Amino acid sequence: GHYPLDGFRADQFVFSGLLAVTALILGERPLFLAQWFVAVVGAGSCLIPVALVREFGRGLGWPSRRIRYAATVAGLALALDGIYARRTGVPDEELLAYLFVPLLALALYRALNRHRAEWIIVTIGLMVVLPPTHSFSSLIAALTVTGVIAAFLPRDRSLRTWLIGLGLVGGFWVYIGAYYEFAARSELLTVAYVDRVTTHPSLFLAWLVVLVIGAAWWVRAGSGWQRTAFLLPVIVGLLVVIANAFITVFPGTIESPPLVLGLILFYVIPVGLAGLAVPQVTRDSSAGVVIAALLIAPYINTYFSLTATLTPDFFGTVVRTQTFAHLPVLILAALGVMAVGSDAYGRLPSGRLSTGLRIGAIILLVGAIAVTTPLAYVNLDTGTVPSTTFRSEYATAQFVDQHVEGSVATDHTMSRLLYFTDAEGGYLQTREWLIGGPPPACPIISQRSWTTTGAHLFPAAPETISRARYGTALAERQVVYAASGHDPLTLSLPLNGS
């Protein structure tokens with residue numbers, strides 16, 4: 001893609017550069033390669049819960065048949081998860097983090113537990129790769145590895161283990177800080193999301209203390225406390241989503257559309273099933289440490305964002321963060337359905353009743369997750385479908401790139417599309433017009449859906465314009481381009497424009 005020379009997003013530059021070089025080597029178009037790459041990596045990330053469930057199942061002493069069922073359910077559930085499919089189905093540099101972060105947590109655990117050089121090398125390799133790959137995900141990774149040592153080190157008083165753990169994690173934090181500082185001082189590179197932490201350092205450190213204490217306590221607490229500590233943050237998060245349907249929790253952002261809210265509420269079922277497995281999973285050291293770290297990192301970053309400032313920036317941070325919690329929750333849910341009907345020690349009694357309960361739990365879990373799959377394809381700000389880019393929109397962006405000089409007013413969707421051309425688009429002037437102001441004194445790319453479902457102005461709420469105002473505005477401007485299709489587009493200029 002094209003990035004303006006006044007500041008490369010460092011991670012996007014690395015991601016796009018790798019794709020471009022690979023495309024040149026293979027002789028393919030970068031766009032085709034990006035789609036192929038996303039399909040493979042996005043689908044491949046669904047094998048992570050399969051591998052982890054197998055690892056954890058062996059640690060819990062489960063028979064191989066039971067492990068296979070749980071691993072299959074975990075992979076299938078993550079593949080059907082609408083929110084997860086949404087984030088892993090687009091050409092975005094964050095995609096690699098969904099592979100790297102859980103692997104990093106497991107690699108660090110093995111480095112601490114086995115003191116083997118190969119695991120230390122794997123851990124360092126993943127740590128080195130993450131910040132240039134995606135700046136925001138490197139923060140989640142740093143919180144995750146902090147959770148790993150917080151949950152593991154109190155169990156092991158070995159000086160060697162402490163030196164390995166603190167050396168790796170401390171070095172990672174220093175490396176991230178140095179990378180961010182380098183990018184900030186560079187004239188060409190920029191990094192996103194860093195200002196969320198640097199503007200609230202004391203609050204972030206306070207939540208970091210909560211992470212360390214919470215991870216160490218959670219893996220040793222009693223069953224009731226473990227379930228409470230797991231479920232309470234999720235319940236509060238769901239209440240925030242429900243409240244957002246009636247009043248915007250983050251002022252100036254979107255409300256939860258009824259369709260989106262209804263689909264999100266189905267996540268209550270996998271969360272409830274995950275709660276069943278928490279006490280059993282924490283009895284195995286590897287499962288307890290890795291799951292604790294993968295859960296508490298997005299928990300902490302979410303609640304840091306909620307307690308910092310309720311701005312659109314932090315709203316975007318919460319939206320990006322919560323996706324990282326889906327993998328550990330669905331791993332627990334898959335283990336939980338296999339724990340239905342078991343005793344306090346995880347032993348399964350024989351009999352048709354217990355087998356029927358487990359089959360019913362599997363159907364309930366997979367069915368609930370399948371219901372959320374449409375979230376991958378709807379517009380989260382309006383609840384409309386489909387959430388995609390049409391040929392007519394591509395054609396309009398190309399026309400603007402070739403024939404229009406200067407900035408163009410449009411909505412969030414088209415401004416993102418123009419970002420990948422030499423054209424320049426924004427949507428702040430559009431919002432002022434739609435809420436009652438005059439039409440922008442510059443070229444406008446408008447769509448008919450602005451009169452029905454509204455213009456996408458993410459993270460702000462969508463705004464609509466009446467058909468009468470829309471028609472009057474176009475009648476008083478020069479319409480120089482029109483594209484039909486699912487959602488017709490119009491490019492119009494002011495009467496005094498060239």
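Rules used throughout
Residues numbered from 1 in each chain as written. Predicted model: local features only at pLDDT ≥ 70, side-chain atom pairs only at ≥ 80, totals over all residues. Heavy atoms only, no water. Helix = DSSP H or I, 4+ residues; strand = E, 2+ residues; numbered from the N terminus. Buried < 20%, exposed > 50% of the residue type's maximum accessible area, 1.4 Å probe, protein only. Contact = heavy atoms within 4.5 Å. Areas by Shrake-Rupley, 256 points an atom, 1.4 Å probe, with all protein chains shown as cover. Core = buried A, V, L, I, M, F, W, Y, C linked by side-chain atoms within 4.5 Å. Axes fitted to C-alpha atoms, helices over the stretch in contact; angles between N-to-C directions. Parallel < 35°, antiparallel > 145°, perpendicular 65-115°, else oblique. Left-handed = near helix turned anticlockwise from the far one by under 90°. Nonpolar A, V, L, I, M, F, W, Y, C, P; charged D, E, K, R; others polar. Salt bridge = Lys/Arg side-chain N within 4 Å of Asp/Glu carboxyl O. Patch = residues over 30% accessible without salt bridge, like charges linked within 9 Å, V, L, I, M, F, W, Y side chains within 5 Å. Lys, Arg positive; Asp, Glu negative; His and termini not counted. Charge placed at Lys NZ, Arg CZ, Asp CG, Glu CD. Pairing = 2+ DSSP bridges. Phe/Tyr/Trp six-rings, centres within 6.5 Å; stacked < 30°, edge-to-face > 60°. Lys NZ or Arg CZ within 6 Å of the ring centre and 35° of its normal. pLDDT = per-residue confidence, 0-100. Expected span 1.5 Å × (residues − 1).

**Quick word on the overall build of the protein chain**
Within the protein chain, the regular secondary structure consists of 22 helices and seven strands. Every one of the 498 residues in the protein chain was classed for burial, and the buried ones make up 51%. When contacts within the protein chain are restricted to residue pairs at least 6 apart in sequence, those whose partners lie at least 24 apart make up 72%. Of the roughly 22,400 Å² that the protein chain leaves accessible, carbon and sulfur atoms contribute 65%.

**A word on the nonpolar core**
Counting 111 residues, the largest nonpolar core has Phe172, Phe230, Leu332 and Leu335 as its most contacted members. Sorting elements by how many residues they give to this core places helix H15 (residues 285-308) first, with 14 residues. Once you skip the residues sitting within four places of it in the chain, Leu332 turns out to touch Phe230, Leu273, Ala274, Ala277, Val278, Val281, Ile291 and Leu295. Ranked by size, the runner-up nonpolar core spans 14 residues in total, among them Val404, Met414, Leu489 and Leu491.

**Remarks on the packing of helix H8 (residues 135-152) against H15**
Where H8 contacts H15, the axes come no closer than 8 Å and their chain directions differ by 135°. By the angle between their directions, the pair H8 and H15 is classed as oblique. The hand of the H8/H15 crossing is right-handed. In contact with Phe136, Leu139, Ile140, Leu143, Thr144, Gly147, Val148, Ala151 and Phe152 of H8, H15 contributes Val289, Ala293, Leu294, Ala297 and Asn301. When its residues are assigned to classes, the contact of H8 with H15 shows 11 nonpolar, three polar and no charged.

**Points about the pattern of salt bridges**
Here the structure, examined in full by the defined rule, presents four salt bridges. Arg116 is the salt-bridge partner of Glu118, the closest N and O atoms lying 2.7 Å from each other. Glu118 sits in the partly exposed class, given a relative accessible area of 37%. A single salt-bridge network, built from bridges that share partners, covers Arg87, Glu94 and Arg320.

**With respect to a positive patch on the surface**
On the surface, Arg54, Arg58, Arg65 and Arg68 cluster together into a patch of positive charge. Elements that contribute at least two residues to the positive patch include exactly helix H3 (47-59) and helix H4 (64-80). The topology assignment puts Arg58 in helix H3.

**Some thoughts on the pairing of strand S5 (residues 444-447)**
Every second residue of S5 is oriented toward a common face, with Ile444 and Ser446 on one face and Ile445 and Gln447 on the other, all of them buried. Where S5 meets strand S7 (residues 489-493), four bridges bridge the pair, whose relative direction is antiparallel. Its bridge partner lying in S7, Ile444 is registered against Ser492.

**Some thoughts on the pairing of S7**
Where a strand is regular, its side chains alternate between the two sheet faces. With five of its five residues buried, S7 lies for the most part within the structure. Across the two faces of S7 the burial is the same, with Leu489, Leu491 and Leu493 and Thr490 and Ser492 all buried. One ladder, built from five bridges, connects strand S6 (residues 478-483) with S7; its direction is antiparallel. Bridging from a neighbouring strand, Gln478 pairs with Leu493 of S7.

**Thoughts on the packing of aromatic side chains**
Scanning the model with the defined rule gives 12 aromatic pairs in all. Ring centres of Trp173 and Phe204 lie 6.3 Å apart, and the angle between their planes is 70°; on these two criteria the pair is classed as edge-to-face. One end of the pair, Trp173, is in helix H9 (residues 159-185); the other, Phe204, is in helix H11 (residues 201-218), with 31 residues separating them in the sequence. It is Arg66 that lies over the ring of Trp62; its NZ or CZ is 3.8 Å from the centre.

**As for the confidence of the model for the protein chain**
Averaged over every residue, the pLDDT of the protein chain is 85; residues scoring 70 or more account for 89%. When pLDDT is averaged over each element of the protein chain, H11 comes out on top at 95 and strand S1 (residues 8-9) at the bottom at 48. A low-confidence stretch, residues 1-8 stays under pLDDT 50, and its non-local contacts, those more than four residues away or across chains, total 19 contacts.

**A word on unusual backbone geometry**
The phi dihedral of His115 is positive, around 55°, even though this residue is not glycine. Inspection of the secondary structure puts His115 in the loop between helix H6 (97-114) and helix H7 (117-133).

**Here's the deal with the environment of Arg448**
Turning to its location among the elements, Arg448 is positioned in the loop between S5 and helix H22 (467-475). Along the chain, Arg448 and Pro488 lie 40 residues apart, while their C-alpha atoms are 5.8 Å from each other. Residues in contact with Arg448, not counting those within four places in the same chain, are Tyr470, His486, Asp487 and Pro488.

**Remarks on the environment of Ser137**
Structurally, the position occupied by Ser137 is in helix H8. Each C-alpha atom, one on Ser137 and one on Phe100, is 9.3 Å from the other, the two residues being 37 residues apart in sequence. Those residues in contact with Ser137 that lie beyond four places of it in its chain are Glu94, Ala97, Val101 and Phe324.

**Topic: H9**
In this model H9 runs 38 Å from its N-terminal to its C-terminal C-alpha over 27 residues, within 8% of the 39 Å that 1.5 Å per residue would give. Inspection of H9 places Thr161, Ile164, Gly165, Leu168, Val169, Phe172, Ile176, Tyr179, Tyr180 and Ala183 among the buried residues, and these make up the whole buried set.

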